[in-house]
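So the chains spell out like this:
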Amino acid sequence: MLNYSWLILLFPAVGALFNAFWGRRLGPRLVKLVANAAVLASFVVAVLMAISLQALPASAHGQFELTLWPWIHSGDFRVDLAMLIDPLSVVMALVITGVGFVIHLYAAEYMKLDDEHQPLDDRRYARFFVYLNFFILMMLTLVLANNFLQMYVGWEGVGLASYLLIGFWFHKPSAADAGKKAFIVNRVGDFGLALAIMWLFFLLGRDAGSLAFNDIFHALDGATLAVKSALGGVTLLLLLAATGKSAQIPLFVWLPDAMEGPTPVSALIHAATMVTAGVYMIARTHPLFELAPGTMTIVAWIGAITALMAASIAMVQTDLKRILAYSTISQLGYMFLAVGVGAYAAGIFHLTTHALYKALLFLAAGSVMHALHGELNIDLMGGLKAKMPRTYWQFLIGAAALAGFPLLAGFWSKDEILYFTFQQNKALYAIGLGTAFLTAFYSFRAVFRAFAGKPRDQHLYEHAHEQSQGMVAPLWVLAFGAVFAGLIGIPAAVGGLFGLEESHMLEQWLHPVFADVSLPSLPVVWELSLLAGSSLVALLGIYLAYARYVQQAGWTLFLQRLFTPLQSLLEHKYYVDELYTAVIVNPLRTLATFFYRFSDQTLIEGIVNGLGRVTMVVGGGVARLQSGMVGLYALSVLVGVVGLLALMFLVG
Amino acid sequence: MSMDLTAIPLLSLILWLPVVGALLLFFVRKESTIKLIALATMLLDFVVSLGLLLNWSNTGDMQFVEKLLWIPPLNISYHLGVDGISLFLVLLTTLLGPIVVLYSWHNIKNNLRAFMVLLLVQQTGIVGVFTSLDLILFFIFWEFTLIPMYFLIGRWGGQRRVYAAVKFFLYTMAGSALMLVVILLLYWQTGSFDWIELQQTPLDPTVQTWAFLAFALAFAIKVPLFPFHTWLPDAHVEAPTAGSVILAGVLLKMGIYGFLRFCLPLFPDATLRFAPWIAGLALAGILYGALVALVQKDVKSLVAYSSIAHLGFVMLGVVSLNQQGLAGAVLQSVNHGLSTGALFLMVGMIYDRRHTRLLTEFGGLWKQIPIYSALLLVVVMASVGLPGLNGFVGEFTILVGAFKANRLWAVLGTVGVIFAAWYLLAAVRGMLQGPLDNPANQKLQDLSAREIWVLVPLILLFFLIGLFPNLFLDKINPAVETLLHGMNAAAQISFLP
């Protein structure tokens, strides 16, 4: 079966091409059938890959490589297009195609209307699914690549898909600008990845003439000290790339703007899959990071600080999708924290649970947005529970999972990250725990503001209605995951209490990939205490949101007044966008104008024209040309050459 | 492939077929017949040139060599040949030929016959440059290519066409005057104009230095390398679309080709000495061209400045002087011809409709002309260097070579990759996205079948080169190896590629 793994790429490729050429003529029914079938087929292949992987002999070390075709060969630089099928890539493929399929189902309904709530024309409907299938193709290329350069293909490919989908409503200047910003900011990250790849080739790949992960990591065994110390630089460049794609400090600024894209896009690309690529990449290249402890520390701190910063911004946003966007940045921060402390499996665990509950939250938010004709401001909502009971439950489940409500998916995965962080660095742990409190607060702030209480805009409220079954039904799959997905990662301490033989199935599944990493562990009492601590913090956060927004208790208002000075800073998102514009964008534009106006049109032109009095000749030439003798000058050159030859001939 | 074409003088056929077509045009009067003959000649020339691929052997040697003594007392011969360095440049030339004829089908309003004749003889000149192995023969073709382009710009160009044409002419003339002097100097030193013989005659380092500088000046102006580039934006903006396509597509490549064919193998020591300086200019061009492109208001001059940045990449590959750098440079020359050629065609298509190229005149075109917009996006992505398309393969191979030569080169070059996304997406933002609020754009017609067919071959090649670059690199690599071995053997300074 594994020899046919390329089918997983073929299906979305065919789906995208098919709809690109014939989609408009076939009409929405067939378009969605083709697009959804393509992703479903890929999901089936992913499941079969997972099954076949277990059947591999022990000598295979749980991985299977499949070369598609030789790609770029020049001298000692040889890169093939090939797939690496191992537990890590298969988990990613399952998330991408599984969550991807559910989102495709939802989008088939959701995209019947455009951004102004008018029926969407067939051409754009088809175009949307072309982009969406193309995204699945590129995301799978990214995670299934067996070498760095092919990963880069997927890396930039998903960037293109993201660009196109953010700017899907391209007639809106804000959407078009957001797409462009996402692509360019990501290119800054890609700069790091491209340089890291070149550097790695010269450090570790040249002997094997390869950029394959296995060859590069294999070369680490015999690497000299100089090579190993250079890995500090390489991993920092990889980190730069990861902060771009996964919207971490300093390159997170594109993700909030990316919410201009249609909601299914936010759910699929900007929550569940693409933005996790940075986490995946660090996990995939962990043998390099393990040798660069300095970079690891930076990864962990970037993760923790981003998590805290984004969560604090999420607390004051009023746009439902933006709250979720900052929440995503914050949750990705947790994943960075995980891989930064070496807990790669925990990072992938959180990646998986987050994909489920955040996709759920986004799609539920999309249902709300549809019901309110595009309105996303939670200040204008309230009381929607009565109008959209199913969406309310879906959003509530998602928010609870996000908040780390005990026993739900997000609880287990977040706690595992905090558990490993606690053992490494108490300060990072404190930040993580504090962020967990903020997370619980802002998730339930959104729940209460949107669904509880009385409607604050009667007109909007009256128009609100539950969405069709086509949009509501798929979300139950995600809701189920948001509740139960944590079961794949129950820690041994808890499993032991219930007499479970197999605890933390995900960690065991990923073991072949991270076998080289060993993590310390704590006594069971400690582990349980940490679990209790996280539960308490989550419940406290939820309670605070309840007291503030449902009970509207007096002391919460006092508390809010206490933090008023911070409010403006948070609402302006710490002025990072303004800073980048002032420090990078504007100076470059000024420089460009200076180059064009001064050096190009004045300086160089002046020098050249001065040299040899070209100016005069030009003037003369122009005069003659205008007098109608156009060819004279040109012909004289030819005559000159021929004459010269004749002269040489005579002399010779 | 088993067909044996070695008995046929294939290169001569490719070289002179366009002239035959041009002569035929003087015997017909009907415009439609003129167009048909021109197109048929170009297509035939392209098909014949594909014969090179059929009988190609993957070695680094000159193939399809033809040699006839032409002017015996001076030992000047009609000496032609192709290797992996020139093969795809020849094919690019013959491919763009029919494309520009087809593009110009309806939009040449005056003197169609002269226009087609010029396109045809231009092609002969360019193929001659890429295949000549005798310096005098090379120089004649080199100079000859100026003439048709001069007329194409000066007669069928925009408002400032005369200024642009003369500027183009004088710049390139100034460059090549010194080259002729040095060719004569070399003859005086070695008694030969023959490229193969000259390679086997080691030159004194001082002679090499002067010879290199003279050749390099001629080629640098043609490329154009920063700061010799200021003729290019004028020429491009004023030239008719067909002229811009040929200019960017292949004429500029003559400069790159000149470095590869003459400077490197004939003056290896001087090349080594000046490589860092040229790399500096190439990098300056990459960053400068990209930044200046960012503030252009006319789409065509944006593309022109982007060319300066892209060709900076190619030159960076050339002076990296290693396998990846050189192979990448050859491949990227072809890539640039395809993607910038396509960009100019598409700018031309919108200009034909709106008679303006100012970004501020457009906006929201995607809604009105979706096929145009989708294709433009593909072309832009090829130019941005999106992996999976052609530009990436060339760019990355060059950067690997540059990294090998000097890490800083690769770092600065990669910064240029960021800028490329910036200015090209700004153009997409300005043209295709945003509200469709200009009434003049609300009646635009989408691409006709003819226009789509003009672009299809180029776009297919983006994907073919992007996904299967080895089909091309297989043929380029051996020639680059031979070149490097030759330089290594001839260089007096120690040199390890």
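Residues numbered from 1 in each chain as written. Chains lettered and ligands numbered in written order. Predicted model: local features only at pLDDT ≥ 70, side-chain atom pairs only at ≥ 80, totals over all residues. Heavy atoms only, no water.

What follows covers the layout of surface pockets. Counted as a void, the largest pocket has a volume near 2,000 Å³. Looking at the largest pocket, it is lined by 50 residues, and the ones nearest its centre are Leu17(A), Ala20(A), Phe21(A), Val378(B) and Phe463(B). Going through the elements one at a time, helix H1 (7-26), strand S1 (64-74), helix H4 (122-144) and helix H5 (148-166) of chain A together with helix H16 (370-384) and helix H19 (449-467) of chain B are the ones with two or more residues in the lining of the largest pocket. A per-element tally of the lining of the largest pocket places H1(A) first, with 13 residues. The residue inventory of the lining of the largest pocket, partitioned by class, reads 40 nonpolar, 6 polar and 4 charged. (1 Å grid on protein atoms, 1.4 Å probe; cavity = no way out; pocket = protein on both sides within 12 Å on 5 of 7 lines; lining within 4 Å. Points joined across faces, edges and corners; volume = space filled by probe spheres on them. Helix = DSSP H or I, 4+ residues; strand = E, 2+ residues; numbered from the N terminus. Nonpolar A, V, L, I, M, F, W, Y, C, P; charged D, E, K, R; others polar.)

This structure, assessed with the given rule, holds 23 salt bridges over all chains. The salt bridge involving Glu156(A) is made with Arg187(A); its shortest N-O contact spans 2.9 Å. Of the two residues, Glu156(A) sits in helix H5 while Arg187(A) sits in helix H6 (residues 173-205), which places them 31 residues apart along the sequence. Comparing Glu156(A) with Arg187(A), the two get one shared label, buried. The salt bridge partner of Arg160(B) is Asp234(B), with a shortest N-O separation of 3.4 Å. With Arg160(B) in the loop between helix H6 (146-156) and helix H7 (161-190) and Asp234(B) in helix H10 (residues 231-238), this residue pair connects regions lying 74 residues apart in the sequence. With relative accessibility at 44%, the residue Arg160(B) sits in the partly exposed group. (Salt bridge = Lys/Arg side-chain N within 4 Å of Asp/Glu carboxyl O. Buried < 20%, exposed > 50% of the residue type's maximum accessible area, 1.4 Å probe, protein only.)

So, on to the interface of chain B and chain A. Listed per partner, the contact involves 81 residues of chain B and 70 residues of chain A. It is Phe396(B), Phe403(B) and Trp422(B) in chain B that bury the most area against chain A; as a group they hold 9% of the surface buried on that side. Here chain B and chain A share 2 salt bridges between them. One can count 17 residue pairs in polar contact (both at pLDDT 80 or more) joining chain B with chain A. It is helix H18 (residues 407-431) of chain B that provides the largest number of residues to the side of chain B that touches chain A, a total of 14 residues. (Contact = heavy atoms within 4.5 Å. Buried area = accessible area lost by both parts, 1.4 Å probe. Polar contact = N/O pair within 3.5 Å; in protein donor to acceptor, adjacent residues only side chain to side chain.)

This part is about the environment of Ala547(A). Residues and elements named next belong to chain A. Along the chain, Ala547 turns up in helix H24 (residues 524-551). Sequence spacing of Ala547 and Ala307 is 240 residues, and the spatial spacing of their C-alpha atoms is 24 Å. In this structure, Ala547 is in contact with Gln552, Ala553, Trp555 and Thr556, ignoring residues within four places of it in sequence.

Looking now at the confidence of the model for chain B. Averaged over every residue, the pLDDT of chain B is 92; residues scoring 70 or more account for 98%. In the predicted complex, the global pTM is 0.94; the interface-specific ipTM is 0.93. (pLDDT = per-residue confidence, 0-100.)

Bringing the pairing of strand S2 (residues 76-82) of chain B into the picture now. All names here are of chain B. Within S2, 7 of the 7 residues are buried, leaving the element largely enclosed by the surrounding structure. Judged by which residues are buried, S2 turns out to be covered on both faces: Ile76, Tyr78, Leu80 and Val82 on one side and Ser77, His79 and Gly81 on the other are all buried. Counting the residues between successive antiparallel strands, the hairpin from strand S1 (residues 63-71) to S2 contains 4 residues, one of them, Asn75, with a positive phi of roughly 60°. (Pairing = 2+ DSSP bridges.)

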